[in-house]
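Structural features, examined
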Amino acid sequence: MSDECVRRGPRPCWERGTYVIEADDAAELARAMHLEQLITRQLGGLFPERGDDLGAVRTILDIACGPGGWALAVAYAYPQVTVIGIDNCPAVVEYAQAQAWSRGLENVEFVVMDALQPLDFPDDAFDLVNARFLMGMMPASAWLPLLRECRRVTRPGGSIRLTEAELCWTTSPAFEQLSAWLARAFWRKGYSFSPDGRALGITAALGQLLRSAGWSNVGYRPFVVDFSTGASAQTGGYQHFMVFWKLVQEFVCTWAEIPAEIFERCYQQAMAELLLDEFCGLWFHLLTWAENPAA
């Protein structure tokens, strides 16, 4: 891919305040890398909707790539493909690029870019656009403009794939309370698609958002992370949420108006309840994909 096709020039970064979690926090970097592996494993591969066969795909854009876990895995598994990852945080991009260099991957590049502004790529630059967990970094009103930009930079006949999550369903009263506060915080912040702040609502909205942005042939693949006691993802799920709830504490306390000491007590109780023999927990996700119709 030529430099002209990769990008047309530098753009300003997002304000860090758009992120629910500070992207360059050391704990967040570790959590994000772990989560990428967990989700890919539970999903059943990098591209299960394609049978992990990329066919004619040669160029991929990964939006809000974070520390680069997914892009690095794709670059390693498909050496014939060029992957470009973009993120707003220079420190995170530098980390991801260092990971690529250390692994000897020459077919992946990471660029600081603002996805809430017009993307710095020419029309029809990519065969496929990927994004995971965008809900944690932008308001609901930004989705449609971004999906239209994604379509502009995707060639006719190319595709997009989005992975988002909903709140967990658990038997832990404390975990359920944390989730309710999180949903309220997202709603008050303007990031939620829920009409009343009792859920996140993003998975219900994805298909309509894609169609409204001009994409066609929308497809879905739901999957679940079972982190119940005795389940295969118990340890991974526990480790994820042990870090996640601490990282979102300031966001939740601010936007849901919860005193920090009350949040902390609930967090400690939730972590204890997750270790009970009878604990059950399911975390629901949805992979959604669509095509850019030919002109």
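Residues numbered from 1 in each chain as written. Predicted model: local features only at pLDDT ≥ 70, side-chain atom pairs only at ≥ 80, totals over all residues. Heavy atoms only, no water.

It is worth spelling out helix α7 (residues 202-212) at this point. In an α-helix, one turn spans 3.6 residues, which is why side chains three or four residues apart end up on the same side. All of the buried residues along α7 are Ile202, Thr203, Ala205, Leu206, Gly207, Leu209 and Leu210. Among the structural elements, α5 (143-152), β5 (154-170), β6 (216-226) and β7 (281-291) are those in contact with the buried residues of α7. At the exit of α7 stands Gly214, carrying a positive phi of roughly 100 degrees. (Buried < 20%, exposed > 50% of the residue type's maximum accessible area, 1.4 Å probe, protein only. Helix = DSSP H or I, 4+ residues; strand = E, 2+ residues; numbered from the N terminus. Contact = heavy atoms within 4.5 Å.)

To continue, consider the pattern of salt bridges. Counted by the stated rule, this structure contains nine salt bridges. Notably, a salt bridge pairs Arg132 with Glu36, separated by 2.4 Å at the nearest N-O pair. On the criterion of sequence distance, the pair formed by Arg132 in strand β4 (residues 126-132) and Glu36 in helix α2 (residues 26-43) is long-range, its members being 96 residues apart. Like Arg132, the residue Glu36 is buried in the burial classification. Between Arg155 and Asp127 there is a salt bridge, with its nearest N and O atoms 2.5 Å apart. A residue pair is termed long-range when its members are at least 10 positions apart, and Arg155 in strand β5 and Asp127 in strand β4 qualify at 28 residues. Arg155 sits in the partly exposed class, given a relative accessible area of 26%. In the salt-bridge network here, residues are joined through shared partners; they are Asp123, Glu149 and Arg152. (Salt bridge = Lys/Arg side-chain N within 4 Å of Asp/Glu carboxyl O.)

With that settled, the discussion passes to the sheet that holds β4. Spatial ordering of the open sheet is given by β3-β2-β1-β4-β5-β7-β6, a layout of seven strands whose pairing is mixed. Unpaired on one side and paired on the other, β3 (108-112) and β6 mark the two borders of the sheet. Averaged over all pairs of adjacent strands, the angle between their axes in this sheet comes to 20 degrees, without regard to strand direction. Here β5 pairs with β7 via ten bridges, running antiparallel. If you follow Thr163 over to β7, its bridge partner there is Leu287. Lying over the sheet, α2 contacts β4, β5, β6 and β7, oriented at roughly 105 degrees with respect to β6. Contacts between helix α4 (residues 90-102) and the sheet are confined to β2 (82-87) and β3, with β3 contributing the most and set at about 170 degrees to the helix. (Pairing = 2+ DSSP bridges. Axes fitted to C-alpha atoms, helices over the stretch in contact; angles between N-to-C directions.)

Moving on, we come to the environment of Asp87. Tracing the backbone through its elements, the reader meets Asp87 in strand β2. Overall, the relative accessible area of 1% leaves Asp87 in the buried class. In this structure the C-alpha to C-alpha distance between Asp87 and Ala64, which are 23 residues apart in sequence, comes to 4.6 Å. Of the polar contacts made by the side chain of Asp87, one reaches the backbone nitrogen of Gly66; its length is 2.9 Å. (Polar contact = N/O pair within 3.5 Å; in protein donor to acceptor, adjacent residues only side chain to side chain.)

The next subject is the pairing of strand β1 (residues 59-63). Of all five residues in β1, five are buried, a share of seventy percent or more. Taking every second residue as pointing to the same face, both faces of β1 are buried, with Thr59, Leu61 and Ile63 on one and Ile60 and Asp62 on the other. As paired elements, β1 and β2 share five bridges and run parallel to each other. Considered in β2, the bridge of Ile60 is made with Val83. Assessed by its sense of winding, the connection that carries the chain from β1 through helix α3 (residues 69-77) to β2 is right-handed. With four bridges connecting them, β1 and β4 associate as parallel partners. Pairing of Ile63 across the sheet is with Ala131, part of β4. (Right-handed = clockwise from strand over helix to strand, strands pointing away.)

Here we take up the pairing of β7. The pairing of β6 with β7 spans nine bridges and is classified as antiparallel. Considered in β7, the bridge of Val225 is made with Trp283.

Another aspect to go through is the nonpolar core. In terms of nonpolar packing, the biggest core is built from 77 residues, with Leu61, Ile63, Ile86, Phe121, Trp143 and Trp245 touching the most fellow members. Per element, the largest residue contribution to this core is eight residues, and it comes from helix α6 (residues 173-189). With residues near it in sequence (within four places) discarded, Trp143 still touches Leu134, Met135, Met138, Leu162, Glu164, Phe193, Ile202, Leu206 and Leu209. Listed in part, the 21 residues of the second largest apolar core include Phe47, Val57, Ala100 and Phe110. (Core = buried A, V, L, I, M, F, W, Y, C linked by side-chain atoms within 4.5 Å.)

What follows deals with α6. Across its 17 residues, α6 extends 24 Å between first and last C-alpha, which sits within 8% of the 24 Å expected from 1.5 Å per residue. For α6, the full list of buried residues reads Ala174, Phe175, Leu178, Ser179, Trp181, Leu182, Ala183, Ala185 and Phe186. In this structure, the buried residues of α6 make contact with β5, α8 (234-247), α9 (249-255) and α10 (260-273). Directly after α6, the chain includes Gly190, whose backbone phi takes a positive value near 95 degrees. (Expected span 1.5 Å × (residues − 1).)

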